[in-house]
Amino acid sequence: MKKRITAVVTAALSMLTMTTPMFSHAEKNEADFVIFGDNIAAGDIRGGTVEHNFGEILADYYGGTVTNYAESSLKSNELLDKITGLNDEQKNAVKGAEYVVINVGANDIARYSAVDLLQFCASKKLLNEGYTAADIPDDPTLDDLFTLVDEDALQTFASESVTNSFALLTRLRRISSNLCVSNDTYEGYLKNVVVDNINKSVAEIKKINPDAEIIVQNIYQPLQLPSDYIEYHTSGNSNYITLLNQIRSILEDIMKAFDEEVNASSGEYGYKVADVFTEFTSLDPSVIKNGDNPGNASYFVDIMGERLSGGDIQPNQKGHLAIAAEIIDTIGIKHTDLGLFSEIYENLEDKAAYPVIALKTYESAAGSEMLGDVNFDGIIDAVDASAILTEYAVTSVNSDAATFHARQTKCAMVSDDDVLDAIDASLVLTYYAYTSTNGNVSLEEFIKSQN
């Protein structure tokens, strides 16, 4: 293909920039959000916060605002207290919101489990030097667990014998049963405490704003570690590998139980459930989870540190993007995005590794792309050619003055030189003129025919 543009085409494109109305992006369904939740909703990560939490992403996507009342380490009873104690300003924010998102429960599970685990470790002398059972807080956090427990001692204990591993697993299974099962033997903490508090919180929100759509997130399972990572960090000790796989399985059961309880209540209390658990796992339902197929949460949380205790179980930026995508999917109102939602994805250095199932959810919310269609209206025409030429004219003078979103730039570079210039605009205009009289042919096929 000749790398030049005829004077006629250049003139035609120049006229287009003056006579063709500038395109408008797909209209956003403006909506305001209020977020209630814990560390996840606050955007906490080790050493700081993510650049853009899911609330910010949602507000940008829908062209509205977000008011985020999330608090680190918040439990469900504290959420209920917070909502029942809202001041007038906070109530007005809830009254004005189209959507209220609730993310809570992970701290309930973690802190409930930490009490029992710390007592077990104290009884087996597995605490760090200088700590005893007397140092265990009444309501310990995961940080307390990591601070008090000697990770090396625990690994040695669990690796020494099947008996030791069995003793720890028995303790963990008892915790799981007390969380998940509600009968005369087990207390059903998830149903009778956590989800009950969520349901009461939803009812309080509805008193303030009966028209708001309320979305409750379920909880992802962060310990979906690849087998090669586990092999490396356990030095291949089979007892410890088996133990970690059992722990992963127990956590899966707990998160599934939570999901079942919120879904069972959602109809009665009038809220939708955003299935973050499935998004982070991103395994086809036909795939059996095991050590070789643990799920893909490790892509969305930076869990794989030099030591297991040093990993981060909070969502990274990719995790917040995936949560936003799932909430958009749950809301069901979508448009072609040229904002923060797609900008974050385009800037991911490892987007090629984005888990396929979660990627489908993202792509559904972001909208389709078509080479040459820079205004995302599903048509390649003179408007696109004009926009490309205008962008080229602006950036050829000042590269920092670019107005195209990353997705637009990708769609605009129709030639094979990875440069946005007048050649691209010429090709789009020529293609438009050709298809106006010669029927349907793809832009890619048309460009090949010009070579």
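Residues numbered from 1 in each chain as written. Predicted model: local features only at pLDDT ≥ 70, side-chain atom pairs only at ≥ 80, totals over all residues. Heavy atoms only, no water.

**Q** I tried to follow the overall build of the chain on my own but got confused; where do I start?
**A** Helix and strand counts for the chain stand at 21 helices and seven strands. On the principal axes, the C-alpha backbone points of the chain span a range of 85 × 55 × 40 Å. Burial status across the chain gives 50% buried among its 451 residues. Taking the contacts inside the chain whose residues are at least 6 apart along the sequence as the reference set, 74% of them involve residues at least 24 apart. (Helix = DSSP H or I, 4+ residues; strand = E, 2+ residues; numbered from the N terminus. Buried < 20%, exposed > 50% of the residue type's maximum accessible area, 1.4 Å probe, protein only. Contact = heavy atoms within 4.5 Å.)

**Q** Where do I start with the confidence of the model for the chain in this structure?
**A** Any segment with low pLDDT has predicted coordinates that should not be analysed in fine detail. Confidence in the prediction for the chain averages 90 pLDDT; 93% of positions are at 70 or higher. Low pLDDT (under 50) marks residues 1–6, which in the prediction has 11 contacts with non-local residues, meaning those over four places away or in another chain. This model gives residues 15–26 a pLDDT under 50, and the stretch forms 20 contacts once residues within four places in sequence are excluded. (pLDDT = per-residue confidence, 0-100.)

**Q** It is not clear to me how the pairing of strand β1 (residues 33–37) should be interpreted in this structure. Could you clarify?
**A** Note on strand geometry: in a regular strand, side chains alternate between the two faces of the sheet. In terms of burial, β1 is a largely internal element, five of the five residues being buried. Residues of β1 alternate between two faces, with Phe 33, Ile 35 and Gly 37 on one and Val 34 and Phe 36 on the opposite face, all of them buried. As judged from the three bridges shared by β1 and strand β4 (residues 66–68), these two strands associate in the parallel manner. Its bridge partner lying in β4, Phe 33 is registered against Val 66. Pairing of β1 with strand β5 (residues 99–103) involves five bridges; the strand directions are parallel. Residue pairing in the sheet places Ile 35 in a bridge with Val 101 of β5. (Pairing = 2+ DSSP bridges.)

**Q** I would appreciate a short explanation of the layout of surface pockets in the present structure.
**A** Where empty space is left in the structure can be found by rolling a water-sized probe over the atoms. Approximately 1400 Å³ is the volume attributed to the largest pocket. Ala 110, Leu 142, Leu 145, Phe 146 and Ile 313 are the residues nearest the centre of the largest pocket, which is lined by 48 residues in total. Listing elements by their share of the lining of the largest pocket, those giving two or more residues are α2 (39–42), β2 (44–45), α6 (106–123), α7 (142–148), α8 (151–160), α9 (162–180) and α12 (238–269). Looking at the lining of the largest pocket residue by residue, the classes come out as 31 nonpolar, nine polar and eight charged. (1 Å grid on protein atoms, 1.4 Å probe; cavity = no way out; pocket = protein on both sides within 12 Å on 5 of 7 lines; lining within 4 Å. Points joined across faces, edges and corners; volume = space filled by probe spheres on them. Nonpolar A, V, L, I, M, F, W, Y, C, P; charged D, E, K, R; others polar.)

**Q** I would appreciate a short explanation of the environment of Ala 167 in the present structure.
**A** Along the polypeptide, Ala 167 turns up in helix α9. The sequence separation of Ala 167 and Phe 120 amounts to 47 residues, and the corresponding C-alpha distance is 9.4 Å.

**Q** How do you make sense of unusual backbone geometry when you look at a structure like this?
**A** Negative phi values dominate among residues other than glycine, just as trans dominates among peptide bonds. Phi at Lys 125 is positive, roughly 55 degrees, even though this residue is not glycine. By the secondary structure assignment, Lys 125 is in the loop between α6 and α7.

**Q** What is the right way to look at the packing of helix α18 (residues 382–397) against helix α20 (residues 422–438) in this model?
**A** A pair of packed helices can be characterised by two numbers: the angle between their axes and the separation between those axes. Viewed as axis vectors pointing N to C, α18 and α20 meet at an angle of 170 degrees, and their least axial separation amounts to 8 Å. Classified by the angle their axes make, α18 and α20 are roughly antiparallel. Every residue of α20 that contacts α18 at Ala 382, Asp 384, Ala 385, Ile 388, Leu 389 and Tyr 392 is listed here: Ala 422, Asp 424, Ala 425, Val 428, Leu 429 and Tyr 432. Here the contact of α18 with α20 is built from residues that sort into 10 nonpolar, no polar and two charged. (Axes fitted to C-alpha atoms, helices over the stretch in contact; angles between N-to-C directions. Parallel < 35°, antiparallel > 145°, perpendicular 65-115°, else oblique.)

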